[in-house]
Structures are given as structure tokens and as C-alpha cells.
Amino acid sequence: MNNPFMARAIQLSIEGVRSGKGGPFGSVIVADGQIVAEAFNQVTSSNDPTAHAEVLAIRAACKKLGVFELKNCELYTSCEPCPMCLGAIYWARLSRIYFANTAEDAAKIGFDDSFIYRELKEPHAERRIPAIQIMRDEALAGFRRWAERPDKIPY
Ligand SMILES: [Zn+2]
């Protein structure tokens, strides 16, 4: 099935490679049948490991629309999102994800994110990057302030 938004996401992935700015990934965010934002991966050129196409497109769409949620928007991405992007997509509350290449396709060219899913199942201290809990009681002060604040903006 030919889809113009996915075609654009794929085109962005190719443009990204041509530009030399990052990996071969492109994303488009669509609302009401219109492209709101688009991006390609810029990890290496921006020295930003979070500059995946999906994250950049979400940031651009939120900025353009002046919102912190993209509830009525859909994401078209040239590859199945990595765990970081998937998290960002859920936080942004996009309504749907369309993807073209699979995570397995990405792994074949050196972008393997399956280890992150495996890591999540490991106990904190046994992960490749150990996660060590300290100062919980002190940190709870911030949570109490939030819970008690009557005028907070929930999200
Ligand atoms: Zn990603």
C-alpha cells in the first residue's frame, strides 16, 4: 500500500543518510491529514544520542502546536521505534504508529535495540548500566510537593 506520509518518512531517512547527519531514519507527524512536523535522525551531527527521528519530530510538533500532548496525531516512521522513542511516543500520547522497516531490519545494519528490552527484565543492580537506589526519603520531598500542589498541570 502506498501512503504519502510513509513515503515522506522514507524519503527523509534517505535524505538523512545523504546529509551525513545521522542514521537512516525518518519520521513524520500528521494531524487532520496534514504533516505537522518531520525529522530525520541527527545523532552524530548534533552530538545528541536522543536525536532520533521520532523524538525530533515529536519535539517539533509540540513546539509548532504549542502543546505537550499529541493526542490527535499519528506518527509515520521509516523504522519500528526503539524503546526510547516508544517511550516518548507514549508520553506524547500519539494516537497511532505506522512503521515500515522492522527492528530486525535495523539490527541487520547495526542498529540493534533488542538488548534494551532484555535489560528491562534484569534486576537493577545486574544491568549493564547498574541502577543503584539512594536517598529515597529525601527525594520523596519533591513528590510530596507535587501531590500537595493544588494548581499543578497533570499530564
Ligand atoms: Zn529511537
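First, a word on scope: everything that follows refers to the structure included in this document. Every chain is numbered on its own, with residues counted from 1 as its sequence reads. At least 70 in pLDDT is required for a residue's local features to be given in this predicted model, at least 80 for side-chain atom pairs to be given and counted, and no such filter applies to totals for whole chains, interfaces and linings, which use all residues. Each side-chain value is worked out from all heavy atoms of the structure, with water and hydrogens disregarded.

## Describing the overall build of the protein
Point 1. Secondary structure elements follow DSSP: runs of H or I no shorter than four residues count as helices, runs of E no shorter than two count as strands, and numbering proceeds from the N terminus. Check the secondary structure of the protein and you find seven helices and four strands.
Point 2. Counting from the amino terminus, helix and strand elements in the protein follow one another as α-β-β-α-α-β-α-β-α-α-α.
Point 3. Reported as C-alpha extents along the three principal axes, the dimensions of the protein are approximately 55 × 40 × 30 Å.
Point 4. Out of the 155 residues belonging to the protein, those deemed buried represent 32%. Three exposure classes are used, based on accessible area relative to the maximum for each residue type with a 1.4 Å probe and protein chains only: buried under 20%, partly exposed in between, and exposed over 50%.

## A short note on the sheet that holds strand E4 (residues 96-101)
Point 1. Pairing between strands is defined by DSSP: at least two bridges between them are needed. Strands sit in the order E2-E1-E3-E4 across an open sheet of four strands; the sheet is mixed. The open sheet terminates on both sides in strands that have one partner only, identified here as strand E2 (34-40) and E4. Neighbour to neighbour, the strand axes of the sheet diverge by 15° on average, direction disregarded.
Point 2. Taken together, the five bridges between strand E1 (residues 26-31) and strand E3 (residues 73-79) define a ladder with antiparallel strand orientation. Fitted lines through C-alpha atoms serve as axes, helices being fitted only where they are in contact, and the angles separating the N-to-C directions of these axes extend from 0 to 180 degrees.

## With respect to the coordination of the zinc ion
Point 1. Donor atoms: N, O and S within 2.8 Å of the metal, or within 3.2 Å for Na, K and Ca. Because water is excluded, sites can look incomplete. Distances from the zinc ion to its protein donors, His 52 (ND1), Cys 82 (SG) and Cys 85 (SG), fall at 2.0 to 2.3 Å.
Point 2. All donors of the zinc ion belong to a single chain; written as a sequence motif, their spacing is H-x29-C-x2-C. Taken together, the residues span a long stretch of sequence, with His 52 in the loop between helix H2 (43-46) and helix H3 (53-65) and Cys 82 in the loop between E3 and helix H4 (83-92) at a distance of 30 residues.

## Some words on the packing of aromatic side chains
Point 1. Aromatic pairing here means that ring centres of Phe, Tyr or Trp (its six-membered ring) are within 6.5 Å. Orientation follows from the plane angle: under 30 degrees is stacked, over 60 is edge-to-face, and everything else is tilted. Counting across every chain of the model gives five aromatic pairs.
Point 2. Considering the side-chain rings of Phe 5 and Tyr 76, the 5.3 Å spacing of their centres and the 50° angle between planes classify their relative orientation as tilted. With Phe 5 in helix H1 (residues 4-19) and Tyr 76 in strand E3, the pair connects residues that are 71 residues apart, well separated along the chain.
Point 3. Relative accessible area serves as the criterion here: at 17%, Phe 5 is assigned to the buried category.
Point 4. Residue classification places Tyr 76 among the buried positions, given a relative accessible area of 5%.
Point 5. Here the aromatic rings of Phe 25 and Phe 111 are separated by 4.9 Å at their centres, their planes lie at 85°, and the arrangement is edge-to-face. You can see Phe 25 sitting in the loop between H1 and E1 and its partner Phe 111 sitting in the loop between helix H5 (103-108) and helix H6 (114-121), a full 86 residues away along the chain.
Point 6. A residue is classified by how much of its surface remains accessible, and Phe 25, at 14% relative accessible area, is buried.
Point 7. In this structure an aromatic cluster arises from ring pairing among Phe 5, Tyr 76 and Tyr 98.

Shape is all these values report; function is a separate question.
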